Every structure is written in structure tokens, then in C-alpha cells.
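Okay, here's what each chain looks like letter by letter:
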Amino acid sequence: MTDTLRTSLFAVFVALLILGTGFLDNWNLALVILNYGLISAIMALGVNLQWGLAGLFNVGVMGFVALGGLASVLITMPPVTEAWAAGGGRVLLGLAIGAAAIAVLVTVYKRMAKGRTRNLVMIVLSIASFFAFRTVFDGGVSAIESVNPSLSGYLGGLNFGGDAGRDWWWMPIIAWPVGGLLAAGAAWAIGKVALGLRSDYLAIATLGIAEIIVAVLKNENWMSRGVLNVTGLPRPVPYETDLQVDPAFVTAANDLGIDATTASTLAVKLLYAGLFSVFLIVLLLLAQRALHSPWGRMMRAIRDNEVAAEAMGKDVTRRHLQIFIIGSAICGLAGAMMTTLDGQMTPAAYQPLRFTFLVWVMVIVGGSGNNIGSVLGGMLIWWLWVAVGEYGPDLMIWATSALHAESALKASLIDSAPQMRFLVMGTVLLLILRFSPRGILPEK
Amino acid sequence: MTDNPYRDDRGNNDRSITKSGGGVAQPVTSGQSSPAPGTPFLIGDAMTGGYGKGPDILHSCTIAVEPGEIAVIVGPNGAGKSTAMKAMFGMLDVRSGRVMLDGEDITALSPQQRVVKGMGFVPQTHNIFTSMTVEENLEMGAFIRRDDFRDTMAQIYDLFPILKEKRLQPAGELSGGQRQQVAVGRALMTKPKVLMLDEPTAGVSPIVMDELFDRIIEVARTGIPILMVEQNARQALEIADKAYVLVQGANAHTGTGKELLANPEVRRSFLGG
Amino acid sequence: MEFLNGLVFLTNFVIVPALAYGAQLAIGALGVTLVYAILRFSNFAHGDTMAFGTAVTIKVTAVLVAMGITLGPLPTALLAMPVGILATGLLVLGTDWLIYKFYRQQKAKPVILVIVSLGVMFVMNGLTRVFIGVRDIQFADGARFLMTVRQFKDWTGLDEGLAIKTTQAITLVTAAITVAALFWFLNKTRTGKSMRAFSDNEDLALLSGIDPDRVVRVTWLIVAALATIAGVLYGLDKSFKAFTYFQLLLPIFAAAIVGGIGNPVGAIAGGFLIAFAEVTVTYPLKKVLTYWLPDGMGPDGLVQLLSGDYKFAVSFMILLIVLLFKPTGLFKGQNI
């Protein structure tokens, strides 16, 4: 079987799964799967760049996705002026103190001679600056959080349009690349530390940083309301209710023979799907070009033999940092899209199994090192994830129908059906690793 | 990328998730031995073979050792010296030819089975357990023995007094020459019928090298035949009862050490005149 | 008096909880480090192995309690733990036979095994959830305290009290026994030494006649025991929830790496270091400082350096600092 044929068959298969869901169940579900599938595909593309092309084991995908989500809030929400007046300056000052302290500490570490004096100075400086930071910062935070806590209690975003800016359809789309930038910034900092000094502790570093990012999002209420969630995020597409009262739309729907309510939900989802597809296709084209460029060949050379590449004068650490930032930025972009699609920021929803390890399953199943493979793998695994959750309970009821109606086993099996997702994902991953270790579409 | 999809190198440098140094030996699968009376004590007879699916490195190469002898394999770089020894130890596929030990055909045995049959092998590198003490290294050498091996250990301490002194130190902290003594001691713990040394003096200073040769002669005096691969051809030939010069995986010259030292062709081609 | 009160307060709220938590992390980290040393990969499924062992123990405890069998003042779970260990042992041996063994025969690179362990993690996670659900479960019974605040105050006459929970005492005793047994096994027995040899130099271990399959089997059994013990102790001390156990992976990995991954002494040191750092930094120290500093100099704020939700950040900062300044971890090694 040629590569092209294999790729086309896989693509047709994934398309059939989604279309089949539409035809056999309902189109709303099919489109929801498609939209989240497209976002998952973008995440998988980012991880594939890092893992497939460079061999970097990033298990902190969740953190970058969450940062993207934060960007979505920060860019699209209008600022809360009272909160800014109450403590905005103080919080900024606190952050500035923190940043300055880190800069001073780094300078001291670099400039002073090694020894006890330096250690002492470092310790005293860090303790002093920590307390200075907390004193200034905490005051600002409590001032902000006391401003109308049930509705805002945070600084809001940076949407300069104010409340009118909520209706600007292009604002969320701008937020997506900003999400990528935010993730890239974090990736730079992590990469500098983890890749620069010991390239060989990336896994644990990313695992930790992802937890920290999510902890920050959960706790720093002044920034994004923490677990109180920011709801009602602006969106790049019209609202269903607006469509339903738009006479032109209603007529068009009626002409197609669909009632206006269903048509509006489908239309919104289709618009999202279109937007996401544009981003995915552009990213995929860029990734494909990168893969076959001299840069991509160099990356693969480094991956396959780091020592030889280094001996040939390649700056391995720098290249790794580069691709780590790019891959993380793509994950951030996808995270921003997802938050916009959700319409709200819910930090508690970020769980590593769903946002880190599931993306890994997508990449490995699709084919590490193969961009198209990981994109299709992303869609496939996402379909499976939803399908097991949606149809699993029904299937379980059917499978246990032979059991006595009041049997405790039956009840517990039906209760546990939603947990089957994890079993299925693990089994799929293990089967692929065992029988097709290079994934469905192997790297060429 | 390699042919084996499970052996890609991607991601293997991350120390928080992987530990390097896994086994690389790909021994021949274990089989049965069969009696082969009337052959030399240890002989690799007309061995032809190479690693895995690779090309042949040995071409009908024959190496034999009789009891009480020191036999050495010498030859230029890349002549297949170590390969010949590994073939006799079962670490590569012998496609034709046989290996026999003490009247038994052991060609089909795995290296572990050959150890049980009485072969002691000291690899060239990574030949000690660096994180374990000297004494533990010797104990591990005696792993297949279920009897009391304290006598053997005492004999080894007599042979290598420095090891007794350092017996509670981690072997990785010893000097190069001392490590080689640990390695030889470990192999002797099974009370082997034959001891095979792969370049025991690689990477040690000339003084240490002389001392190591002395120790090896002492080991031979205890009655164990020794087969040894050596880079330092001249010294090796001086102590050898029997010597094999290999060139490109085939026997080029065979004789006693003295004969070969006197052989003008051997002298000219690789003893440097 | 002031000083003693402060010390008692610190002991009650920081030192004792941190000791217990540290012991739990240490046993968890020992499991991770053993797999790393012998099978040469980081086992992402370890948290879920702990969860599985604990889940079985909880079920057996429930059966025992229903039958009226308890351990009196001690938690019944201790009686049920051997069954949990056995079940976990069977599970990991089965996993090894069905899954990992194939990759060893292929001589797969360690990173493949890491990814395989991700798959195993999903499966074990699902198994545990199906088996016991996702709720928070308290399963500690028996006496709650070894020493209550009131007893301590009456006994010493101090203003501050010191309470020691039964579970904390049990954690420390069990951990001490477990660690002693493990070290005795690794350093004194033939099988233990062969495991160390295998970890040090796989090829030479083969040449010495050490059976790799046996080493791997014994390792998995020990890992199952360690994981179950760590999981049960943690669950007794706090509570059981499948997801929490998965999250323990981070501090456990951090502990193993801080100590020098592959090194058992390091795993223990790392466990306590991480635990002490987490508890100290996230506990309000105001009262201690009020006692210790001269009158009037006591702090106004709570002196809680970081909110409790940042405990992962603490273990991570410790990890970063250690890796920056001592890249191989506190104890060198990679070998057990």
C-alpha cells in the first residue's frame, strides 16, 4: 500500500466516523465532535513537532493549553475599571518587584564569585524580595477581589473596546495567536532552564510546570477569577438567538426544510468548524513545509544522533529550544480556541489525563513524526473519546441486559460505563504500540 | 531510524524517564550440547559468522587451547580478534563450524549455558559491577554456584592481594589495573575450565600492564588454560604457549609464541620490524 | 516556655504531618526508583498502581469489617493490606507478562517502555475507577489518636498541644519496617544482590548466570508491595481518591529525581525533603514566630508563604533548584 493511499484511506475513515455520527445519531453531536476534533488535531500537531520531529518528551501540554485559554480571557474580556482603580497599579507594581528581584538574583549569581558570601547574599535577597513582593502584591489582590466579587472580582481583560468590544467578532480570533505567544513565552522560560542546563530532565520539568500553571489559574482570582470561572466570553460567530430572530436566516432555513432553532445551532458550529479548519490547514501546510525543509532534516538528524549532530557544529540545545517553543505555541493557540469555543474559562477542567496524555495517545496512534498522521490521529481519538462517553452507557445497558434487573453487578457496571473511556484509550494505545509501533501513518 | 521500530533513538536522552545502559548482548538462542570426543580441550573449529544479519566477519577461523596453555590471539586492528573470541563464547551467530569444550559440542549453547559448562569470560569493557563492592563482584561471579565458594574467594584474594585489601570498596572506585583484577577474579569464581580474556590490558599504563601479565601467568600456573586477545602483540607473544595471528577474520599464522616472534613475516607485517 | 510552646506548635502542625507525608512519598519514590534502576524506564503508571492496591485493600477492609473482624485500635486496613499487595502483585506480573515482556525481548529502547507505561496508566486508571468509583473514600477505623492535644497538655502543662494521629504513627512504623526490609533484601540476600548487579550492568549480569526474567519478576513484586503500602498509608492518613493518587505522581517523581533517580537512599531523602518543603511553605507560621520572636516583633500576617494549592509548585521548585546546582541529584547513582 502506498503512503498516499494509506493516508487517504485513513482520512476517509475518520470522515466516515464523523459523518456516520451525523447520519445515524444527530448532526449537532457530529459537529461538536468535529470542532473539538479540529482543536485536538492542532494540539497533536504541536506535540508531534516536539516529539516526532525533535524527540522532546513534553508531558506538560495541559499547561500550555491552559495558558492559551487565559489569553482568550485576557484579550477578549473588557477591563473592570473599578478593579483597576482599586488595586490594578498595586498588583502591577508587585509583579514588577517580583520580576526585578529575579533579575537581580540572576545578576548576583552570575557576577559574584562562587562561595559562601554569594550564597548568603542570594538567600537574604530572595527572602527580602519575597516579602516585599507579597506585601505590595497581596494588598492589591485583596482590593481587586473585593470589587463586586459575585460578578467580577478580577481585573478583566484588555479589550479596549469596553463593553462594546464584546461584539467585535475579530477580537477572539486575535486572542488565539496571542494564546500561542503566551504559551511560547512560558515555553521559553521552561526550555531555558530545562533544556539549557540539562536537556535530559524535560519530562519532569514540563509535568511540574503544567501543574503549576493550572494551580495559578485556579488560585489567582484577580487574574481570571480562579475556580469561579469567567463565563460569557465573546465569540467570533453570531449568537444562536440572534440568528433565530434574523428574518433572512429563518427564511433560508425554512427553504432548506430545517426549523430555525436547529439551523441556528448547526450554522454556528459550522462557522466555528470553518474558522478552525482554516487555522489547522495553514498550520499543517507550514508544518509539512518545515518537515521537508533543510531545517526539518536537521531536526531529524539531531533527533536520530545528537552526538553526531553536535560534532557537525549544530547547536543542539538552541534547536531544541526553538522547536519546543514552536510546538508549545501551537498547543497554546489550540487552547485559546478551545476556551473561545467553550465560551468560558474553567480552570478546574484542566486535567492531565485529558489534556496531556490524551494528546499523546493521538500523536502515537496517528504516527509520531508524521504531521498528517497526528492530525488524523487527533480527530480519530477525539471521536473515540466522545463516542465511548456517549454510547458506552447504552452499550453497557445492552451488554448487561442478560443480567437480572436488580443485580448489583449490573448497576455498578452501568454506573462505571463513563470510566470505560480510560480503559479504551489505554487499550488502543497499547494495541497500536504492540502491533504498529510507528502509528497508523508511519514517518517516511 | 533503524529497521527495528522499537529501537528508534527519539527521546532517549531524557534522564528523567529513561536509564541508559540496557543490555545489548544478543546471544544465540539456547540449545543442547552433544558429545564430541577426541577433540582439543577448547576449539573453535572453522568458524564462519558475523553479528546478527550483518556480513561475515570470521572466515573459517580456527582457535584451539589445550590444558595448561596460554593461547593468545593477535593481529592488526579490525582483524576480528575479539569477534573470534565472542564467537567461541556464543555471542554471535556461527553460521558454519563448531565450538567444542572438553569433549562436548557446545555450538548451540547460549553464553550463560557456556558459563555453566565451565567457560569464564572477561569482556573488554564494562566488565565489573561498578556500584558493588569488590567482594560482591566476586559473589556475583559465583552466582551459578550453589555450593560454598569461600575457598575460591580466598584463592582469588591470594592471587590478587590488593583485592582483599579493598574488598569492601565499590569496585568503580578502584584504579584501572585493579578493576581488571576484579574482572578476572569475578570470572574465576565459577572455577572455570578455561578463562577467556578480551584485551585485559586495554587502556592501562605500561607498568600496570606488566603487572597484569604477571598475574595472568600466575593464574595459568594454577592450571587453568587461558585464551587471550591482545593488542600488545610483542608482550603477549612472549608469554604465549600458542599464538594465532588473524588477518581479516582468517588464520594467517599459527605457532608457539617464540616461533611467531621469530617469524620474519609476522615481525615485518605488524610487530614493527 | 515560649520557645517550647513554639516548638510544640511547629511539631504538631508541620513536623509530624511532614514526617508522615514524607514517609509515604519515600515509599512511593522507592517503587519508581526500583523500576527505573532495573527496567530502565520511568513508570508513569506507578500512581495508578498505588491506587489499585489501595482500592483492593479498601474493598477487603469493608468485607472484614462487615464480618466483624477488626484490629481493635489499629485500622483494619493493615490486616487487608497483604491481600491488596497480592492482588497488585498479580496485576503487575500480568501486565509485565502481557505487555512489557514483549518489548524487553525486542530490546526496545527505554523511551518506548515509558510510552507503553502511559497506556498501562490509562488502563489501570480505568480499572480502578470501574472497580471502586471516583468518590473520596475514608477507610481509617480504630482509634483516631495515639495522643490527643488534651492528653499532651495535661501531661506537660504547656499551652500548645501535640496530637499524634494513629495513622501518622502507623505510617512511620510501617515505613521504617518496609525500608529496613528492602535494604536488607537488596544488600544481604543473593536475589537482592543479583538485582543490584542487573541494574548496574545487564550484560555482565547475564554472563554471571543471573536470570533476567527472575530479576524482573522479583522487582515487580517488590514494586507492587511498595506501591500498595505507600497507597494504603497515604489513604489512611488522608483519604482515597483515584485522581489524587494519579496526581501524587509529580511529588513522587520529584522525590526520586531530587534524591538521584535509581538510588534508594536518594528516594527516601528526596521524599522527606519534598514533604517538609511542601508543608512548611504552605502552612501559616504566624504562631510559631509569635512565640519565638521577642514580644511585639511577631508578624501581623499569617506568614503563609504560599497558599496550600501551590504545594506542587513547591516540590517543583525544590526539584529545579537541586537540578540546577547538583544535576545528578543529592545522591549519585542510577543504580540500586
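Residues numbered from 1 in each chain as written. Chains lettered and ligands numbered in written order. Predicted model: local features only at pLDDT ≥ 70, side-chain atom pairs only at ≥ 80, totals over all residues. Heavy atoms only, no water.

**Looking at the overall build of chain C**
Right, so step 1: The secondary structure content of chain C amounts to 14 helices and two strands.
Right, so step 2: In terms of principal-axis extent, the alpha carbons of chain C reach across some 70 × 55 × 35 Å.
Right, so step 3: Per-residue burial over chain C gives 61% buried out of 336 residues.
Right, so step 4: For chain C, contacts bridging at least 24 residues in sequence account for 75% of all contacts bridging at least 6.
Right, so step 5: Summing over all exposed atoms, chain C offers an accessible surface of approximately 12,300 Å²; the carbon and sulfur share of this is 68%. (Helix = DSSP H or I, 4+ residues; strand = E, 2+ residues; numbered from the N terminus. Buried < 20%, exposed > 50% of the residue type's maximum accessible area, 1.4 Å probe, protein only. Contact = heavy atoms within 4.5 Å. Areas by Shrake-Rupley, 256 points an atom, 1.4 Å probe, with all protein chains shown as cover.)

**A closer look at the environment of L227 of chain B**
Residues and elements named next belong to chain B.
Right, so step 1: Note that L227 resides in strand β9 (residues 226–229).
Right, so step 2: Through-space distance from the C-alpha of L227 to that of V72 is 5.7 Å; in sequence the pair is 155 residues apart.
Right, so step 3: The residues touching L227, leaving out its near neighbours within four places in the chain, are I63, V65, A71, I73, M85, M88, L195, M196 and L197.

**Quick look at helix α13 (residues 294–304) of chain A**
Right, so step 1: By the burial criterion, the buried members of α13 of chain A are G296, M298, M299, R300, I302 and R303 of chain A.
Right, so step 2: Tucked inside the fold, the buried residues of α13 of chain A contact α2 (27–53), α12 (260–292), α14 (306–311) and α15 (316–342) of chain A.

**A short note on the UniProt feature "transmembrane region" (unreviewed entry) in chain C**
Right, so step 1: In the numbering used here, UniProt assigns the "transmembrane region" (unreviewed entry) feature to residues 6–39, 51–71, 77–99, 111–132, 169–186, 218–236 and 305–325 of chain C.
Right, so step 2: In residues 305–325 of chain C, the share of helix is 71% and the share of strand is 0%. The end C-alpha atoms are 23 Å apart. (UniProt positions renumbered as here; feature names shortened; annotations may be inferred.)

**Section: the sheet that holds strand β6 (residues 104–105) of chain B**
Residue and element names in this part refer to chain B.
Right, so step 1: Pairing in this open sheet of five strands is antiparallel, and the strands run β1-β6-β5-β2-β3 from one edge to the other. Each of the sheet's edge strands pairs with one partner strand only, and the pair in question is β1 (34–35) and β3 (58–65).
Right, so step 2: The sheet contact formed by strand β2 (residues 42–50) and strand β5 (residues 93–101) spans seven bridges and is antiparallel. Bridge pairing in β5 links G44 to V99.
Right, so step 3: The strands that helix α1 (residues 81–89) touches are β2, β3 and β5; relative to β2, the one it contacts most, it runs at about 110 degrees. (Pairing = 2+ DSSP bridges. Axes fitted to C-alpha atoms, helices over the stretch in contact; angles between N-to-C directions.)

**Some points on the domain arrangement of chain B**
All names here are of chain B.
Right, so step 1: By the assigned domains, chain B splits into domain 1 (28–118 + 195–200 + 224–273) and domain 2 (121–191).
Right, so step 2: Here domain 1 and domain 2 have C-alpha centroids that lie 24 Å from each other.
Right, so step 3: Across the boundary between the two partners, domain 1 contributes 14 residues, which contact ten residues of domain 2.
Right, so step 4: Among the residues domain 1 hides against domain 2, the three largest losses belong to L195, D198 and P200. Together they make up 38% of the total.
Right, so step 5: Along the contact surface separating domain 1 from domain 2 lie zero salt bridges.
Right, so step 6: On the surface where domain 1 and domain 2 come into contact, there are three residue pairs in polar contact (both at pLDDT 80 or more).
Right, so step 7: Sorting the residues of the side of domain 1 that touches domain 2 by element identifies α1, α2 (111–117) and β8 (194–198) as the ones contributing at least two each.
Right, so step 8: By residue class, the composition of the side of domain 1 that touches domain 2 is ten nonpolar, one polar and three charged. (Domains from an automatic or database assignment. Buried area = accessible area lost by both parts, 1.4 Å probe. Salt bridge = Lys/Arg side-chain N within 4 Å of Asp/Glu carboxyl O. Polar contact = N/O pair within 3.5 Å; in protein donor to acceptor, adjacent residues only side chain to side chain. Nonpolar A, V, L, I, M, F, W, Y, C, P; charged D, E, K, R; others polar.)

**Some thoughts on the nonpolar core**
Within soluble globular proteins, side chains that are nonpolar tend to cluster in buried spots.
Right, so step 1: Ranked by size, the top nonpolar core spans 288 residues in total, and within it F57 and F357 of chain A together with F44 and Y103 of chain C carry the most contacts.
Right, so step 2: Sort the elements by how many residues they give to this core and helix α1 (residues 2–39) of chain C lands first, with 18 residues.
Right, so step 3: Dropping the residues within four chain positions of it, F357 of chain A is found in contact with V59, L207 and P352 of chain A together with F44, L118, M121, F122 and F246 of chain C.
Right, so step 4: Counting residues in hydrophobic clusters, the runner-up holds 46 residues, among them V122, V184, I226 and L260 of chain B. (Core = buried A, V, L, I, M, F, W, Y, C linked by side-chain atoms within 4.5 Å.)

**Let's talk about the pattern of salt bridges**
If the charged atoms of two oppositely charged side chains come close together, the side chains can form a pair.
Right, so step 1: Counted according to the given criterion, the structure contains 20 salt bridges over all chains.
Right, so step 2: Close ionic contact of K193 of chain C with E139 of chain B constitutes a salt bridge, the shortest N to O distance being 2.5 Å. One end of the pair, K193 of chain C, is in helix α7 (residues 190–200); the other, E139 of chain B, is in helix α3 (residues 134–141), on a second chain. The burial state of K193 of chain C is the same as that of E139 of chain B; both residues are buried.
Right, so step 3: R40 of chain C is the salt-bridge partner of E202 of chain C, the closest N and O atoms lying 2.9 Å from each other. With E202 of chain C in helix α8 (residues 202–207) and R40 of chain C in the loop between α1 and α2 (46–66), the pair connects residues that are 162 residues apart, well separated along the chain. For the pair shown, E202 of chain C and R40 of chain C are each scored as buried.
Right, so step 4: Look at the salt bridges and you will find they share partners, linking R303, D304 and E443 of chain A into a network.

**A look at the interface of chain B and chain C**
Right, so step 1: At the junction of the two partners, chain B supplies 42 residues and chain C supplies 41 residues.
Right, so step 2: Counting each side, the surface lost to burial between chain B and chain C is near 3,700 Å², with a carbon and sulfur contribution of 53%.
Right, so step 3: The interface formed by chain B and chain C holds two salt bridges in total.
Right, so step 4: At the junction of chain B and chain C, the tally comes to 14 residue pairs in polar contact (both at pLDDT 80 or more).
Right, so step 5: Counting residues per element, the ones that place at least two in the side of chain B that touches chain C are α2 and α3 of chain B.
Right, so step 6: Its residues placed into classes, the side of chain B that touches chain C shows 16 nonpolar, 15 polar and eleven charged.

**A few points about the packing of aromatic side chains**
Right, so step 1: Scanning the entire structure with this criterion turns up 37 aromatic pairs over all chains.
Right, so step 2: A centroid spacing of 5.7 Å and a plane angle of 85 degrees characterise the contact between W51 of chain A and F57 of chain A, whose relative ring orientation is edge-to-face. Comparing W51 of chain A with F57 of chain A, the two get one shared label, buried.
Right, so step 3: Arranged with centres 5.6 Å apart and planes meeting at 75 degrees, the rings of Y6 of chain B and Y103 of chain C form a pair that is edge-to-face. Placement of the pair is Y6 of chain B in the segment before β1 and Y103 of chain C in helix α3 (residues 77–105), with the two residues belonging to separate chains. Of the two residues, Y6 of chain B and Y103 of chain C, neither departs from the other in class, the shared state being buried.
Right, so step 4: An aromatic cluster of three or more residues is present, and its members are W51, F57, F357 and W360 of chain A together with F44, F243, F246 and F253 of chain C. (Phe/Tyr/Trp six-rings, centres within 6.5 Å; stacked < 30°, edge-to-face > 60°.)

**What to know about the packing of helix α6 (residues 166–188) of chain C against helix α9 (residues 212–237) of chain C**
All names here are of chain C.
Right, so step 1: Running from N to C, α6 and α9 point in directions that differ by 165 degrees, and their axes come no closer than 9 Å. With respect to their mutual orientation, α6 and α9 come out roughly antiparallel. Judged by the sense of rotation from one axis to the other, the crossing of α6 with α9 is left-handed. Mapping the contact onto sequence places T167, Q168, I170, T171, T174, T178, L182 and F185 in α6 and V218, I222, L226, I229, L233, L236 and D237 in α9.
Right, so step 2: Of the residues belonging to the contact of α6 with α9, the class tally is nine nonpolar, five polar and one charged. (Parallel < 35°, antiparallel > 145°, perpendicular 65-115°, else oblique. Left-handed = near helix turned anticlockwise from the far one by under 90°.)

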